[in-house]
2 protein chains.
Amino acid sequence: MYIPPHFAETDPSEIAGLIEACPLASLVVQTAEGLVANHLPLLPEGDGRMIGHVARANRLHELVTDGTEVLLIFRGQDGYVSPDWYPSKAETHKAVPTWNYQVVHVAGRIRWDDSDKFKRRAVGLLTRKMEGPAGWKMADAPRDFMDGMLAAIVGFEVAVDRVLAKTKLSQNRADADFAAVRDRFEGQGRHDLSARMARMPRGAEK
Amino acid sequence: MYIPPHFAETDPSEIAGLIEACPLASLVVQTAEGLVANHLPLLPEGDGRMIGHVARANRLHELVTDGTEVLLIFRGQDGYVSPDWYPSKAETHKAVPTWNYQVVHVAGRIRWDDSDKFKRRAVGLLTRKMEGPAGWKMADAPRDFMDGMLAAIVGFEVAVDRVLAKTKLSQNRADADFAAVRDRFEGQGRHDLSARMARMPRGAEK
């Protein structure tokens, strides 16, 4: 991914926060049948591992062998930025369109795990995160039913090798331009984008 | 991508509509340096081509030669679905979590084009779509400035070989469950998801 220095995201809490807020990753891998992508919730576990599962009917676990490099893409909200939004544009007219977004790329090696123990951990991790303490849990379902559902998935983990992240939210613009973009996104209902911009330390004007 | 028959999206207008609504594609390609993804607005032009551009400073146009297969991923809003949302769950407790989303995968071969003519067409196509007739256009900027900006990008097109699309929006659930999921997304402010569900023909109960 092309990352100009002013858009490099190096804050570990911001990177973890984006993965936490947008867990449905695009898992991409080169296979004998070409590039294949699937969209799966992936959660971090422990140090440097991401955990997920696929449907057993998904041939991915047959096509892709243990140790293969996969790319996980976690992406937040995005939005087009018009040059007309910048107050500075009216003075110089030196502005072009751009697109704002935040993204985290995680590259690592996949390992499948079809054991009941691993799969219960994977599903438990996901449901605890998404449901909270008072929500649905596996034990709410009849045991036979849950056993059947777990038999219908295959678990996996990705051992993380590299993390690349980009925050492209007009932080290279002057304060007035930055604020105008934030307000436009807010007006469009792109609250995730505007809220993130509101939390950003404003860098020096570039 | 794994697509059970009931989640296969085959409606050309729905596929075109998702690309139109979510033009910031994840462009993924296998390179000598591993899997590389960049996030770029891509627009359809004519029959079976997608048009875009990268910053010249993005090494992608050096790493990836003409004719290489690339994957474009266009994805809409997504959301976790709790089993507790289904009215039917209270009767049988036979339900598990899932995730709803819509995605279009476009596979094709990339061709770079660094000509001024092509790049003006690429940027013109993008600005006309995003700005509408009354908005910003290239001619609003000083000629020297715009020449410099165009010199700082490299254009490309992707000749489309295959399109795969998946609409996973609880259409395999009974009417009452489907309606409950739609209402929950609406309540969460996931209006794109709930609006799409509201427009869907309800399939037979599965």
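Everything below is about the structure printed above this text.
In what follows, the accompanying structure is described.

### Section: the relation of the copies chain A and chain B
Here is step 1 of the chain: Rotating chain A by 180° and translating it 0.0 Å along the rotation axis places it on chain B, where the RMSD comes to 0.0 Å. The symmetry that links the two subunits is that of a two-fold axis. In terms of C-alpha distance to the rotation axis, chain A has Gln30(A) as its closest residue, with the C-alpha 3.4 Å off the axis.
Here is step 2 of the chain: Both copies contact each other with a shared surface, as 100% of the interface residues of chain A are interface residues in chain B too.

### Describing the nonpolar core
Here is step 1 of the chain: Ranked by size, the top nonpolar core spans 60 residues in total, and within it Val28(A), Leu72(A) and Leu72(B) carry the most contacts.
Here is step 2 of the chain: Ignoring anything within four residues of it in the chain, the contact list for Leu72(B) reads Ala25(B), Leu27(B), Leu42(B), Met50(B), Val106(B) and Val158(B).

### Overview of the sheet that holds strand 2 (residues 34–41) of chain A
All names here are of chain A.
Here is step 1 of the chain: Strand order in the open sheet formed by 7 strands is 2-1-5-6-7-4-3, and the pairing between neighbours is antiparallel. Of all strands in the sheet, those with a lone pairing partner are strand 2 and strand 3 (43–45), marking the two edges. Here the strands of the sheet are splayed against their neighbours by 35° on average, with no regard to which way each runs.
Here is step 2 of the chain: For strand 1 (residues 24–31) and strand 5 (residues 69–81), the ladder comprises 3 bridges, and the chain directions are antiparallel.

### A few points about unusual backbone geometry
All names here are of chain B.
Here is step 1 of the chain: In the Ramachandran plot, His-93 falls in the positive-phi region, its phi being about 60° despite a non-glycine side chain.
Here is step 2 of the chain: Given 14 C-beta atoms within a 10 Å radius, His-93 is considered partly exposed.
Here is step 3 of the chain: You will see that Ser-170, though not glycine, has its phi angle at about 65°, which is positive.
Here is step 4 of the chain: Its place among the elements puts Ser-170 in the loop between strand 7 (153–168) and helix 6 (175–187).
Here is step 5 of the chain: Under the C-beta neighbour-count criterion, Ser-170 is labelled buried, with 21 such atoms within 10 Å.

### Considerations on the sheet that holds strand 7 of chain B
Residues and elements named next belong to chain B.
Here is step 1 of the chain: Overall, antiparallel pairing links the 7 strands, which are arranged 2-1-5-6-7-4-3 in an open sheet. Because the sheet does not close on itself, it has two edges, and the strands there are strand 2 (34–41) and strand 3 (43–45). This sheet shows a mean twist of 35° between the axes of neighbouring strands, independent of strand direction.
Here is step 2 of the chain: Two elements, strand 3 and strand 4 (residues 49–55), share 3 bridges in a ladder whose sense is antiparallel.

### Here's the deal with the environment of Arg162(B)
Here is step 1 of the chain: Mapping Arg162(B) onto the fold places it in strand 7.
Here is step 2 of the chain: Once the C-alpha coordinates of Arg162(B) and Ala107(B) are considered, the two residues, 55 residues apart in sequence, prove to be 5.2 Å apart.

### Looking at the pairing of strand 5 (residues 69–81) of chain B
Here is step 1 of the chain: Pairing of strand 5 of chain B with strand 6 (residues 98–113) of chain B involves 11 bridges; the strand directions are antiparallel. Among the inter-strand pairings, Arg75(B) is bridged to a residue of strand 6 of chain B, identified as Val103(B).

### Quick word on the interface of chain A and chain B
Here is step 1 of the chain: Of the residues lining the interface, 46 residues belong to chain A; the matching set on chain B comes to 46 residues.
Here is step 2 of the chain: When residues of the side of chain A that touches chain B are traced back to their parent elements, those giving at least two are strand 1, strand 2, strand 4 (49–55), strand 5, strand 6 (98–113), helix 4 (116–131) and helix 5 (143–151) of chain A.
Here is step 3 of the chain: Sorting elements by how many residues they give to the side of chain A that touches chain B places strand 2 of chain A first, with 7 residues.
Here is step 4 of the chain: Broken down by class, the residue content of the side of chain A that touches chain B amounts to 29 nonpolar, 11 polar and 6 charged.

### Quick word on helix 7 (residues 191–199) of chain A
Residues and elements named next belong to chain A.
Here is step 1 of the chain: Along helix 7, the positions that sit buried rather than exposed are Leu-193, Ser-194, Arg-196 and Met-197. All buried residues of helix 7 fall inside an arc of 160° around its axis, so they share one side. Those residues of helix 7 that are exposed and aimed more than 90 degrees away from the buried face are Ala-198 and Arg-199.
Here is step 2 of the chain: Those residues of helix 7 that are buried lie in contact with strand 5, strand 6 and helix 6 (175–187).

Reading the values: the criteria
Per-chain numbering applies: the sequence of each chain, read as written, is numbered from 1 onward. Starting at A for chains and at 1 for ligands, labels are handed out in the order in which the entities are written. The predicted nature of this model means local features are confined to residues of pLDDT at least 70 and side-chain atom pairs, given and counted, to a pLDDT of 80 or more, with totals for whole chains, interfaces and linings taken over all residues. C-alpha atoms of residues with pLDDT of at least 70 in both copies form the basis for the least-squares superposition of the copies. Whether two residues are in contact depends on their C-beta atoms, placed from the backbone: they are in contact if these lie within 7 Å. Here, a nonpolar core denotes buried Ala, Val, Leu, Ile, Met, Phe, Trp, Tyr and Cys residues that are linked to one another through C-beta atoms within 7 Å. In this scheme the burial state of a residue depends on its C-beta neighbours within 10 Å: 20 or more other such atoms mean buried, 12 or fewer mean exposed, and anything in between means partly exposed; the C-beta positions come from the backbone. Only when DSSP finds a minimum of two bridges between them are two strands counted as paired. Here a strand is any run of E in DSSP of at least two residues, a helix any run of H or I of at least four, and the numbering for each starts at the N terminus. The axes used here are C-alpha line fits, helices contributing only the stretch in contact, and every angle between their N-to-C directions lies in the interval 0 to 180 degrees. For this classification, Asp, Glu, Lys and Arg are treated as charged, while Ala, Val, Leu, Ile, Met, Phe, Trp, Tyr, Cys and Pro are nonpolar and the rest, including Gly, are polar. The arc in question is formed by the directions pointing from the helix axis toward the C-beta atoms.

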